[in-house]
Structures are given as structure tokens and as C-alpha cells.
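Close look at the chain arrangement
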Amino acid sequence: MQGGDLDITCSCGLFRARLTGVGPGSGSHLMCYCKDCQAAARHLGADDTLKPRGGSDIYHTTPSRLSIEDGAEHLSCLRLSPKGLMRWYAGCCNTPLFNTLPRGRLAFVGVSTPTLRADGAAEAIGPVIAVVNTSGAQPGPGTLRDRGFLKAGWQIMRRLVLEKLRGTARDNPLFDERGVPIVSPRVLTLDERRAATRF
Ligand SMILES: [Zn+2]
Ligand SMILES: [Zn+2]
């Protein structure tokens with residue numbers, strides 16, 4: 001399926017990456033309210049990237065679409081705990097960028113959508129199809145309910161299989177060919193983690 005290219009930019013502009021072929025079917029637009037996503041944003045001082053009630057707006061796609069264009073030296077990575085997700089960010093300005101698993105073997109990457117600053121990005125990634133982990137949402141007006149989990153899960157699995165079939169499952173600019181991350185993640189200390197989750 002043909003799609004457009006989208007630039008990914010940190011808030012200061014020193015780090016730039018690109019997603020190619022973004023269109024219907026190439027990714028899943030999700031909203032995650034889990035406390036870990038909120039804690040990571042808070043630790044970076046990037047609360048302003050969160051949606052009301054602590055939502056993280058994420059475009060879930062395959063890493064073979066991702067390329068780093070500029071400022072790779074600013075790429076940084078943290079983990080909230082030794083077993084937590086890899087949370088990649090731009091160290092120049094602490095902009096959250098990507099979430100991945102600790103190894104590069106499974107072809108998925110969650111892109112923080114506030115980094116997709118180009119006109120037309122919202123149309124390219126489409127509407128939110130799944131809202132997850134609402135039990136972690138901040139108090140606020142209205143009712144939030146999880147929805148779309150199965151649909152998103154199915155889309156993600158389908159893309160994993162397609163990447164395997166195409167032979168592109170290991171094309172991932174964030175990991176080397178052995179599946180080792182190109183930047184060593186820093187695991188937060190317990191004190192740092194506590195500070196980021198106190199809200
Ligand atoms: Zn920056
Ligand atoms: Zn989350």
C-alpha cells in the first residue's frame with residue numbers, strides 16, 4: 001500500500017527522523033493511559049506531550065519504515081525498571097520519541113505522535129483506533145473506557161508477520177544486526193522512578 005513520508009522532529013529540531021510510506025494499514029494510532037508512559041514523560045519534563053488525563057498518543061508501526069536523518073548523537077534511551085520498555089528520546093531537549101521492546105527482534109515501534117509536526121500528519125496516521133490502560137488515567141471529567149485492544153493487537157500481529165515474509169523484520173535503525181540497541185539505555189534509580197510516579 002502506498003503512503004506518504006512523515007518527518008519526526010524533536011522540539012528543538014536537532015534530532016530528525018523519517019517514517020516512510022505512512023498510510024492506511026501501515027500503522028495503528030493508539031492512546032495509552034498507563035502510568036509508565038506518564039512517568040517516562042514526567043521524568044523527561046515532557047508532561048506537555050501528554051494528552052488530557054495523562055494520555056500518550058502513539059503511532060504503532062514497523063521499524064523498517066523508520067530512518068534517522070540527523071542528530072543521531074542526541075538519541076538517548078531510558079527504562080523505568082530493568083525489565084521496562086525501551087523509551088527512546090532526544091537528549092538535546094528531552095523529547096520522547098519512540099517505545100520499543102528491549103531487543104530488536106520483534107518488528108514494532110511506537111512513535112510519539114507529538115513529534116510528527118508536519119501538516120497532514122494527523123490525516124496520514126488516521127484516527128485513534130484503540131484506547132488502552134485507562135485504569136491508569138488521571139482523574140477528570142467524563143468516563144474513559146478501554147476500546148479497540150483486540151483490533152490494534154490483530155493489526156500489530158499482522159504487520160509482524162508481513163515484515164517476516166518480506167524479510168524486513170530486522171530492518172531497525174535503533175538496533176544493530178544482533179538486535180542490540182545502538183544506545184545503551186539508562187535504567188532509572190528507584191528514587192527517580194518514585195519521583196516520576198508521584199502524582
Ligand atoms: Zn532536541
Ligand atoms: Zn503506556
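For the structure, see preceding data.
A brief report on the enclosed structure follows.

About the cut-offs
- Residues numbered from 1 in each chain as written.
- Chains lettered and ligands numbered in written order.
- Predicted model: local features only at pLDDT ≥ 70, side-chain atom pairs only at ≥ 80, totals over all residues.
- Heavy atoms only, no water.
- Helix = DSSP H or I, 4+ residues; strand = E, 2+ residues; numbered from the N terminus.
- Buried < 20%, exposed > 50% of the residue type's maximum accessible area, 1.4 Å probe, protein only.
- Contact = heavy atoms within 4.5 Å.
- Patch = residues over 30% accessible without salt bridge, like charges linked within 9 Å, V, L, I, M, F, W, Y side chains within 5 Å.
- Areas by Shrake-Rupley, 256 points an atom, 1.4 Å probe, with all protein chains shown as cover.
- Salt bridge = Lys/Arg side-chain N within 4 Å of Asp/Glu carboxyl O.
- Lys, Arg positive; Asp, Glu negative; His and termini not counted.
- Charge placed at Lys NZ, Arg CZ, Asp CG, Glu CD.
- Pairing = 2+ DSSP bridges.
- Axes fitted to C-alpha atoms, helices over the stretch in contact; angles between N-to-C directions.
- Parallel < 35°, antiparallel > 145°, perpendicular 65-115°, else oblique.
- Nonpolar A, V, L, I, M, F, W, Y, C, P; charged D, E, K, R; others polar.

1. Things to note about the side chain of Glu163
Tracing the backbone through its elements, the reader meets Glu163 in helix α3 (residues 149–166). A relative accessible area of 3% means that Glu163 is categorised as buried. Ignoring any residue separated from it by four or fewer positions in sequence, one finds Glu163 in contact with Thr62, Ser64, Ala107, Thr168 and Ala169.

2. Digging into a positive patch on the surface
Together, Arg103, Arg105, Lys164 and Arg170 make up a region of like positive charge exposed at the surface. Mapping Arg105 onto the fold places it in the loop between β8 (95–100) and β9 (109–112). Among the residues examined, Arg105 registers a relative accessible area of 37% and is labelled partly exposed.

3. Some thoughts on the pairing of strand β1 (residues 4–9)
Relative to strand β2 (residues 16–22), β1 is paired through five bridges, and the arrangement is antiparallel. Its bridge partner lying in β2, Gly4 is registered against Val22. In this structure, the hairpin formed by β1 and β2 is closed by a connection of six residues, where Gly13 is found at a positive phi of approximately 90°.

4. Examining the sheet that holds β8
The strand order across the open sheet formed by eight strands is β10-β3-β4-β9-β8-β7-β6-β11, and the pairing between neighbours is mixed. Each end of this open sheet is capped by a strand with a single partner; those strands are β10 (130–132) and β11 (186–187). Bridge count between strand β3 (residues 27–32) and β10: three bridges; the pairing is parallel. If you follow Leu30 over to β10, its bridge partner there is Ala130. Each of β3, β4 (56–61) and β10 touches α3; the most contacted strand, β3, lies at about 140° to it.

5. Some thoughts on the packing of helix α1 (residues 35–43) against helix α4 (residues 190–197)
Across the interface, α1 lies against α4 with an axial gap of 8 Å and an inter-helix angle of 105°. It follows from the interaxial angle that α1 and α4 lie roughly perpendicular. Where α1 abuts α4, its residues Asp36, Ala39, Arg42 and His43 lie against Glu192, Arg193, Ala196 and Thr197. Split into classes, the residues belonging to the contact of α1 with α4 amount to two nonpolar, two polar and four charged.

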